[in-house]
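# Architecture at a glance
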Amino acid sequence: MSVNVETRVDAPGSAEFVESAWDLKERIREREDVLKQRRAFFVDAYRRANDHLLFEDDDLVGFASVRRDGYILFLAVAPERRGEGYGKRLVAAALQDHESISCHARATNEGALSFYEHLGFEIQRRITGYYEDGGDAYYLRLGDGTSLREKFAEFFRRSVVGE
């Protein structure tokens with residue numbers, strides 16, 4: 001059975017898919033105790049960002065909300081769809097307009113940290129008490145500002161060939 005995966009974008013100022021994104025984020029929060037943003041914060045940040053979304057048929061399976069400076073506000077992939085390359089696709093979409101990208105990840109979120117490090121993100125620093133609940137975060141960055149798209153394309157080619 002072939003699955004149709006469609007990429008959609010909510011450009012800054014648009015919020016066509018914000019409810020689907022919120023629902024996916026909340027499902028992950030309830031299951032994994034991450035992505036704990038309050039609704040008003042989430043909706044405001046989503047509307048200001050360039051949001052890349054992946055749909056299987058009409059079901060949202062992942063999204064990345066990226067600020068103008070290349071900072072990834074939110075990156076979420078449905079737990080049952082992880083390991084299928086959707087996270088890589090979303091990071092690649094974030095790289096379309098940026099020479100480097102960055103994000104924060106909860107220090108206790110080993111799955112996210114492993115994912116980001118696998119893609120080549122480097123931990124820049126640990127921030128104590130970063131999250132509203134007092135949790136620590138790591139600030140991660142991918143790229144040095146030069147030819148990042150080429151580096152990521154090469155990484156993506158190697159990872160696809162190596163799988």
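Scope of this entry: the structure provided in the associated data block. (Residues numbered from 1 in each chain as written. Predicted model: local features only at pLDDT ≥ 70, side-chain atom pairs only at ≥ 80, totals over all residues. Heavy atoms only, no water.)

### Let's talk about helix 1 (residues 18-32)
For clarity, the cut-off: Here a helix means four or more residues in a row that DSSP labels H or I, a strand means two or more in a row labelled E, and each is numbered from the N terminus. In this scheme, a helix's expected span is set at 1.5 Å multiplied by one less than its residue total. Each residue is assigned to one of three classes by its accessible area relative to the maximum for its type, calculated with a 1.4 Å probe on protein chains only: buried under 20%, partly exposed between the two thresholds, exposed over 50%. Here, two residues are considered to be in contact whenever any of their heavy atoms come within 4.5 Å of each other.
Taking 1.5 Å per residue as the helical rise, helix 1 with its 15 residues ought to reach 21 Å, and the 21 Å between its terminal C-alpha atoms agrees with that figure. Taken as a whole, helix 1 has its buried residues at Val18, Ala21, Trp22, Leu24, Lys25, Glu26 and Ile28. As for helix 1, its buried residues are in contact with strand 1 (5-10), helix 2 (39-48), strand 3 (59-66) and strand 4 (72-77). Remark: Asp33 follows helix 1 within two positions and exhibits a positive phi of approximately 60°.

### A word on the packing of helix 1 against helix 2
When two helices pack together, their arrangement is given by the angle between the helix axes and by the axis-to-axis distance. Threshold: Fitted lines through C-alpha atoms give the axes, limited to the stretch in contact for helices. The angle between two N-to-C directions lies from 0 to 180 degrees. Roughly parallel means an angle under 35 degrees; roughly antiparallel, over 145; roughly perpendicular, 65 to 115; everything else is oblique. If you view the pair so one helix is near and one far, a crossing is left-handed when the near helix is turned anticlockwise from the far one by less than a right angle, and right-handed when it is turned clockwise. Amino acids outside the nonpolar list (Ala, Val, Leu, Ile, Met, Phe, Trp, Tyr, Cys, Pro) and the charged list (Asp, Glu, Lys, Arg) are all regarded as polar, and Gly is one of them.
Close contact between helix 1 and helix 2 brings their axes to 11 Å; oriented N to C, the two are set at 130°. Taken together, the axes of helix 1 and helix 2 lie oblique to each other. When the axes of helix 1 and helix 2 are compared, the crossing they make is right-handed. For the pair formed by helix 1 and helix 2, the contact residues are Val18, Glu19, Ala21, Trp22 and Lys25 on the first element and Arg39, Phe42, Val43 and Tyr46 on the second. Looking at the contact of helix 1 with helix 2 residue by residue, the class counts come to six nonpolar, no polar and three charged.

### A short note on the packing of aromatic side chains
Note the threshold: Think of it this way: a Phe, Tyr or Trp ring, Trp meaning its six-membered ring, pairs with another when their centres are within 6.5 Å, and the plane angle makes it stacked under 30 degrees, edge-to-face over 60, tilted otherwise.
Inspection of every chain in the model, using the stated rule, returns nine aromatic pairs. Note on Phe42 and Phe74: the rings are 4.7 Å apart at their centroids and 45° apart in plane angle, and the pair reads as tilted. Here Phe74 lies in strand 4 and Phe42 lies in helix 2, a separation of 32 residues in the sequence. Per residue, the accessibility class of Phe42 equals that of Phe74, and both read buried. Arranged with centres 4.9 Å apart and planes meeting at 65°, the rings of Tyr116 and Phe121 form a pair that is edge-to-face.

### Section: the nonpolar core
What counts, and what does not: Here, nonpolar core means buried Ala, Val, Leu, Ile, Met, Phe, Trp, Tyr and Cys residues that are tied together by side-chain atoms lying within 4.5 Å of each other.
One finds Ile72, Leu75, Val91, Ile101, Tyr116, Phe121 and Leu140 to be the most contacted residues of the largest nonpolar core, which totals 24 residues. For this core, the secondary structure elements donating two or more residues are strand 3, strand 4, helix 3 (86-95), strand 5 (101-106), helix 4 (110-119) and strand 7 (137-142). It is helix 3 that contributes the most residues to this core, five residues altogether. Grouped together as the second largest cluster of nonpolar side chains are 19 residues, Leu24, Val43, Leu53 and Phe63 included.

### Focus on the pairing of strand 7
Test applied: Note on pairing: two strands pair once DSSP finds at least 2 bridges between them.
Most of strand 7 sits out of view: five of its six residues are buried. Examined bridge by bridge, strand 5 and strand 7 share six bridges and lie antiparallel to one another. Paired with His104 across the bridge in strand 7 is Tyr139. Here strand 6 (residues 122-127) runs beside strand 7; their pairing, made up of five bridges, is antiparallel. Paired with Arg125 across the two strands is Tyr139, which belongs to strand 7.

### Re the sheet that holds strand 1
If you trace the four strands from one edge of the open sheet to the other, you get 1-2-3-4, paired in antiparallel fashion. Looking at which strands have only one partner, the edges of the open sheet turn out to be strand 1 and strand 4. The average angle at which neighbouring strand axes cross in this sheet is 20°, direction not considered. Examined bridge by bridge, strand 1 and strand 2 (residues 50-56) share six bridges and lie antiparallel to one another. Across the sheet, Asp10 pairs through a bridge with Asp51, a residue of strand 2. Against the sheet, helix 1 makes contact with strand 1, strand 3 and strand 4, and its axis sits at roughly 95° relative to strand 3, the strand it touches most. Along the sheet, helix 2 makes contact with strand 1, strand 2, strand 3 and strand 4, crossing strand 4 at roughly 105°.

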